[in-house]
Amino acid sequence: MVAQNLSKYTIAVLGAGAVGRSVAADCKLAGNHVRLFDLPEFAKTSLKDIDKTGIEIQGFEYNRYNFKRSGIAKFDLVSDDLKEVVAGAQIILVAVPSVGHNAFFEQLVPLLEDGQIIHIIPDNFGSLRLRKQLREKRPELNVIIGGWSSAPYGTRIVKEAGIDTKRVFFATEQSLCGERLCLRLIKKNPWKVRSTSAVLIRLHLEMVRLAARRCSILALATLIRSCTALARSWALP
């Protein structure tokens, strides 16, 4: 696989909950042009003052390479106007629970542009829902859709006395044992698939098989996290 420099990409993050804020802040601190969106019915609370304060990343970041990123991220655009947020963005991250997918997809489908890459975090079959809507409404559109089995980190919005402090707290723990387990599964099973969703389904089936053999809960949980790398690598149309 050819390495790409994504630092100059414009990224639109849809959803301003804990995961949406965290992903947006992480990408901005990495050097990307980042836009943050939430639906108007939630934006009055979820986006309030973020254009002025930004979002601060705090917490624990345990990972294989001891990589850490912290600081205050000031976004290039904070808005409840979806058309403005996604226009010209190379990457779109939908970071909302599965119960909110349809509400976002209905507005997103008419605005998508050829060549855009859409990540759904977490997927929970959201990639299938979005593909179905695109087949029905815009079959000629050429985009890439990838589904993540879970968020890349555990994260929470920090509140003090019930007040949103515009901070997120990471509690990430990636087990090296779990990463090796995932890589071993990939090498043993070079699946030929047509979509990211198929990859995730096959990996979930592997998890059930491992659970039946009394594999450790930690290894299974870490396998779910490790699937995110696969979702990014195999985000096929």
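All values derive from a computational prediction rather than experimental measurement. (Residues numbered from 1 in each chain as written. Predicted model: local features only at pLDDT ≥ 70, side-chain atom pairs only at ≥ 80, totals over all residues. Heavy atoms only, no water.)

This part takes up the side chain of aspartate 26. Mapped onto the fold, aspartate 26 is located in helix α1 (residues 18-29). Residues within four places of aspartate 26 in sequence aside, it is in contact with Ile57, Arg69 and Tyr153. (Helix = DSSP H or I, 4+ residues; strand = E, 2+ residues; numbered from the N terminus. Contact = heavy atoms within 4.5 Å.)

It is worth spelling out the packing of helix α5 (residues 101-108) against helix α6 (residues 126-137) at this point. Packing of α5 against α6 brings their axes to within 10 Å, and their N-to-C directions diverge by 35°. Two packed elements cross with a definite hand, and for α5 against α6 that hand is right-handed. Facing His101, Asn102, Phe105 and Glu106 of α5, the residues of α6 in contact are Gly126, Arg129, Leu130 and Gln133. Of the residues in the contact of α5 with α6, the class split is 2 nonpolar, 4 polar and 2 charged. (Axes fitted to C-alpha atoms, helices over the stretch in contact; angles between N-to-C directions. Left-handed = near helix turned anticlockwise from the far one by under 90°. Nonpolar A, V, L, I, M, F, W, Y, C, P; charged D, E, K, R; others polar.)

Here we take up the sheet that holds strand β2 (residues 33-37). Spatially, β5-β2-β1-β6-β7-β8 is the arrangement adopted by the 6 strands of the open sheet, whose pairing is parallel. Edge positions in the sheet fall to β5 (77-79) and β8 (144-147), since each of these pairs with one other strand and no more. Sheet twist, expressed as the mean angle between neighbouring strand axes with direction ignored, is 15°. Where α1 meets the sheet, its contacts fall on β1 (10-14), β2 and β6 (91-94), and the angle it forms with β2 comes to roughly 165°. (Pairing = 2+ DSSP bridges.)

A separate point is the packing of aromatic side chains. In this structure the tally under the stated criterion is 1 aromatic pair. Note on phenylalanine 37 and phenylalanine 104: the rings are 6.1 Å apart at their centroids and 85° apart in plane angle, and the pair reads as edge-to-face. On the criterion of sequence distance, the pair formed by phenylalanine 37 in strand β2 and phenylalanine 104 in helix α5 is long-range, its members being 67 residues apart. A relative accessible area of 0% means that phenylalanine 37 is categorised as buried. (Phe/Tyr/Trp six-rings, centres within 6.5 Å; stacked < 30°, edge-to-face > 60°. Buried < 20%, exposed > 50% of the residue type's maximum accessible area, 1.4 Å probe, protein only.)

Further remarks concern a nonpolar patch on the surface. Where nonpolar side chains cluster on the molecular surface, the patch consists of Phe60, Tyr62 and Phe169 and spans about 300 Å² of accessible area. Within the secondary structure layout, phenylalanine 60 lies in strand β3 (residues 55-62). (Patch = residues over 30% accessible without salt bridge, like charges linked within 9 Å, V, L, I, M, F, W, Y side chains within 5 Å. Areas by Shrake-Rupley, 256 points an atom, 1.4 Å probe, with all protein chains shown as cover. Salt bridge = Lys/Arg side-chain N within 4 Å of Asp/Glu carboxyl O.)

Judged by nonpolar contacts, the single largest core of 24 residues is most densely connected at Val13, Leu36, Phe75 and Leu93. Top contributing element to this core by residue count: α1, with 4 residues. Excluding anything up to four places from it in sequence, leucine 93 contacts Ile11, Ala12, Val13, Leu14, Val23, Cys27, His119 and Ile121. (Core = buried A, V, L, I, M, F, W, Y, C linked by side-chain atoms within 4.5 Å.)

The end-to-end C-alpha distance of α6, which contains 12 residues, comes to 16 Å, matching closely the 16 Å that a straight helix rising 1.5 Å per residue would cover. Buried residues of α6: Gly126, Ser127, Leu130, Arg131, Gln133 and Leu134, and no others. Projected onto a plane normal to the axis of α6, the buried residues spread over an arc of 160° and lie on a single side. Residues of α6 that are exposed and point more than 90 degrees away from the buried face comprise Arg135 and Glu136. (Expected span 1.5 Å × (residues − 1). Arc of directions from axis to C-beta.)

Of all residues in the protein, 70% attain a pLDDT of 70 or more, and the chain-wide mean is 79. Ranking the helices and strands of the protein by mean pLDDT puts β5 first, with 98, and helix α7 (residues 176-188) last, with 43. Confidence drops under a pLDDT of 50 for residues 173-197, and excluding neighbours within four residues, the segment shows 51 contacts in the predicted structure. (pLDDT = per-residue confidence, 0-100.)

Residue isoleucine 121 is joined to proline 122 through a cis peptide bond whose omega torsion reads -10°. Mapping proline 122 onto the fold places it in the loop between β7 (117-120) and α6. A positive phi angle, close to 55°, is found at alanine 161, a residue other than glycine. By the element assignment, alanine 161 lies in the loop between β9 (155-160) and β10 (163-173). A positive phi angle, close to 60°, is found at lysine 166, a residue other than glycine. For lysine 166, the position within the fold is in strand β10.

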